[in-house]
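Chain by chain, the residues run as shown.
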Amino acid sequence: MSRFRKKDRLIPIISLVFYYGSKPWDGPVDLYDMFQLEGTKEENEILEKYLPNYKINLVDAERLEDVEKFSNDLQVILTMLRYRDSKEELTDYINENKKFFQNVDYETSQAMKAFLNMKQIPGEAEHKEEMIDMCKAIQEMYDDGVKDGIQKGVERGIAAVIRTCRNLNVSEEDTLNNVQREYELSMEEAKKYLETYWK
C-alpha cells in the first residue's frame, strides 16, 4: 500500500537541534528523557527493551569547545556568541576581526542578525548580492538601544510627574501645562501622556 518496493532504499537524514541561547541547554537530550515513565523498574526495563531510544543531536552553539574544526566564517560567528551579552567584549572581538565583519555575505549576516536578536540590518533588503558591513550594523544596534533607553527614561519621568500631580489633586489642565512645559512637548503629545498615566 505504501508503494515501497523490496529493492527501494531510504536516504539517511541527520537532524540537528541548533541551540544558540545564552543559558546552557536544559531540555531533553534523547527520547527517553521526554517520557514520563511512572511504572516499576521492571516495567520500565520491558518498555525500553521494545521502544527504541533516539538521541537528540544537540549543537549548543555558545558552549562549543572545538570551534576551530569549523570553517573560518563559522569559527568567527560561533566565537562571537560568547560575547553577545557584553557590549564591550563584543566590540573588542569585532575590532580584532574587523576585516571579517566589514565584508559579510548576505546569508552570514542573516545568521548574525538572528543570533544577536537584531531587528534589521541597514541595507539588507536592497543589497542581497553585496557584502555587508556588520561593524556598522552592530554599532547602530547599540546606538538604537541607547536611544530606546533614554526614551524610556523620559517616559518614566513624565509618568511620575502626572501621577504625582494627580495624587496632590492638581487639576488635569495644570498637569497638562506642566508636562508640556517641562518636557517641551506639543499639546497633542502631552495629552497622549495624560490619557495614558492619569489613572
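The rules behind each value
Residues numbered from 1 in each chain as written. Predicted model: local features only at pLDDT ≥ 70, side-chain atom pairs only at ≥ 80, totals over all residues. Heavy atoms only, no water. Helix = DSSP H or I, 4+ residues; strand = E, 2+ residues; numbered from the N terminus. Contact = heavy atoms within 4.5 Å. Areas by Shrake-Rupley, 256 points an atom, 1.4 Å probe, with all protein chains shown as cover. pLDDT = per-residue confidence, 0-100. Core = buried A, V, L, I, M, F, W, Y, C linked by side-chain atoms within 4.5 Å. Buried < 20%, exposed > 50% of the residue type's maximum accessible area, 1.4 Å probe, protein only. Phe/Tyr/Trp six-rings, centres within 6.5 Å; stacked < 30°, edge-to-face > 60°. Patch = residues over 30% accessible without salt bridge, like charges linked within 9 Å, V, L, I, M, F, W, Y side chains within 5 Å. Salt bridge = Lys/Arg side-chain N within 4 Å of Asp/Glu carboxyl O. Lys, Arg positive; Asp, Glu negative; His and termini not counted. Charge placed at Lys NZ, Arg CZ, Asp CG, Glu CD. Axes fitted to C-alpha atoms, helices over the stretch in contact; angles between N-to-C directions. Parallel < 35°, antiparallel > 145°, perpendicular 65-115°, else oblique. Left-handed = near helix turned anticlockwise from the far one by under 90°. Nonpolar A, V, L, I, M, F, W, Y, C, P; charged D, E, K, R; others polar.

Quick look at the overall build of the protein chain now. Assigned secondary structure in the protein chain consists of nine helices and two strands. Taken from the N to the C terminus, the helices and strands of the protein chain come in the order β-α-α-β-α-α-α-α-α-α-α. Taking all contacts inside the protein chain whose residues are at least 6 apart in sequence as the whole, residues at least 24 apart take part in 53%. Looking at the protein chain as shown, the accessible area adds up to about 15,000 Å², and 51% of this sits on carbon and sulfur atoms.

Caution is warranted with low-pLDDT regions, since their predicted coordinates should not be read in detail. Residues with a pLDDT of 70 or more make up 85% of the protein chain, whose mean pLDDT is 79. Ranking the helices and strands of the protein chain by mean pLDDT puts strand 2 (residues 58–60) first, with 88, and helix 7 (residues 134–167) last, with 69.

Tracing the sequence through the fold places Lys-113 in helix 6 (residues 106–115). With 21 residues separating them along the chain, Lys-113 and Met-134 place their C-alpha atoms 9.3 Å apart.

Let us now look at the nonpolar core. Ranked by internal contacts, the top residues of the largest apolar core, which has 20 residues, are Met-80, Phe-101, Met-112, Met-134 and Ile-138. Counting only elements with at least two residues in this core, the list comes to helix 3 (72–80), helix 4 (87–96), helix 5 (98–101), helix 6 and helix 7. Not counting residues within four places of it along the chain, the set of residues in contact with Ile-138 comprises Leu-90, Ile-94, Met-112, Leu-116 and Met-118. Ranked by size, the runner-up nonpolar core spans ten residues in total, among them Ile-158, Val-179, Leu-185 and Tyr-197.

On inspection of all chains with the given rule, the structure shows four aromatic pairs. With 6.4 Å between their ring centres and 40 degrees between their planes, Tyr-32 and Phe-35 make a pair best called tilted.

The next point concerns a nonpolar patch on the surface. Where nonpolar side chains cluster on the molecular surface, the patch consists of Phe-35, Leu-37 and Leu-47 and spans about 220 Å² of accessible area. Structurally, Phe-35 is set in the loop between helix 1 (31–34) and helix 2 (41–50). Residue Phe-35 is classed as partly exposed on the basis of its relative accessible area of 33%.

If you walk through the whole model with that rule in mind, you get four salt bridges. Measuring nitrogen to oxygen at the nearest pair gives 3.0 Å for the salt bridge that ties Arg-63 to Asp-60. A salt bridge links Asp-66 to Lys-69, with the nearest nitrogen and oxygen atoms 3.5 Å apart.

This part is about the side chain of Thr-79. Checked against the element boundaries, Thr-79 lands in helix 3. For Thr-79, the contacting residues outside a window of four places in its chain are Val-67 and Tyr-93.

There is a patch of like negative charges on the surface, built from Glu-42, Glu-43, Glu-45 and Glu-48. Within the secondary structure layout, Glu-43 lies in helix 2.

Here the focus is the packing of helix 8 (residues 172–182) against helix 9 (residues 187–197). In the contact formed by helix 8 and helix 9, the axes pass within 9 Å of each other and the chain directions differ by 120 degrees. Taken together, helix 8 and helix 9 sit at an angle that is classed as oblique. For the pair helix 8 and helix 9, the crossing hand works out as right-handed. Every residue of helix 9 that contacts helix 8 at Glu-172, Thr-175, Leu-176, Asn-177, Val-179 and Gln-180 is listed here: Met-187, Ala-190, Lys-191 and Leu-194. Its residues assigned to classes, the contact of helix 8 with helix 9 comprises five nonpolar, three polar and two charged.

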